[in-house]
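Structural characterization, general
Here's the letter readout for the chains.
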Amino acid sequence: MSFTYKPLWKLLIDKDMSKKYLMNAANISKSTMDKMGRSEIVSLEIIDRICNYFNCKVEDVIEHNLEKGRKPNAK
């Protein structure tokens, strides 16, 4: 996948907060949290809830990595 939630996992560690606590605080389902754990795409609504909860920027929660071997689209 080209997205990772490593910044979010680091934020949770820095705040000494569990994933379960965040799930309850930001109203995130277990299945959505599981998707994030597998670096799968979730809706922007979920990212928005997390950013609002932590009062942070999107890049504090999710990071985009270019896929190896993938060439940018030429115009």
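Before going into details, it helps to say that this report is about the structure given with it.

Cut-off values and rules
- Residues numbered from 1 in each chain as written.
- Predicted model: local features only at pLDDT ≥ 70, side-chain atom pairs only at ≥ 80, totals over all residues.
- Heavy atoms only, no water.
- Salt bridge = Lys/Arg side-chain N within 4 Å of Asp/Glu carboxyl O.
- Buried < 20%, exposed > 50% of the residue type's maximum accessible area, 1.4 Å probe, protein only.
- Helix = DSSP H or I, 4+ residues; strand = E, 2+ residues; numbered from the N terminus.

**Focus: the pattern of salt bridges**
In a structure, side chains of opposite charge can pair up when their charged atoms sit close to one another. Under the defined criterion, the tally for this structure stands at four salt bridges. Here Arg38 ties to Glu40 by a salt bridge, and the two come within 3.0 Å at their closest N and O atoms. For Glu40, a relative accessible area of 26% translates into the label partly exposed. A salt bridge links Glu45 to Arg49, with the shortest nitrogen-to-oxygen separation between them at 2.6 Å. On the criterion of helical spacing, the pair formed by Glu45 and Arg49 is a turn pair, its members being four residues apart in helix α4 (residues 44-54).

**With respect to unusual backbone geometry**
Positive phi, close to 60°, is recorded for Ser39, a residue that is not glycine. Within the secondary structure, Ser39 sits in the loop between α3 (30-37) and α4. Even without being glycine, Asn55 reaches a positive phi, approximately 55°. Locating Asn55 in the fold gives a position in the loop between α4 and β2 (63-64). The class of Asn55 is exposed, set by a relative accessible area of 73%.

Any functional reading would require information beyond the geometric quantities listed.
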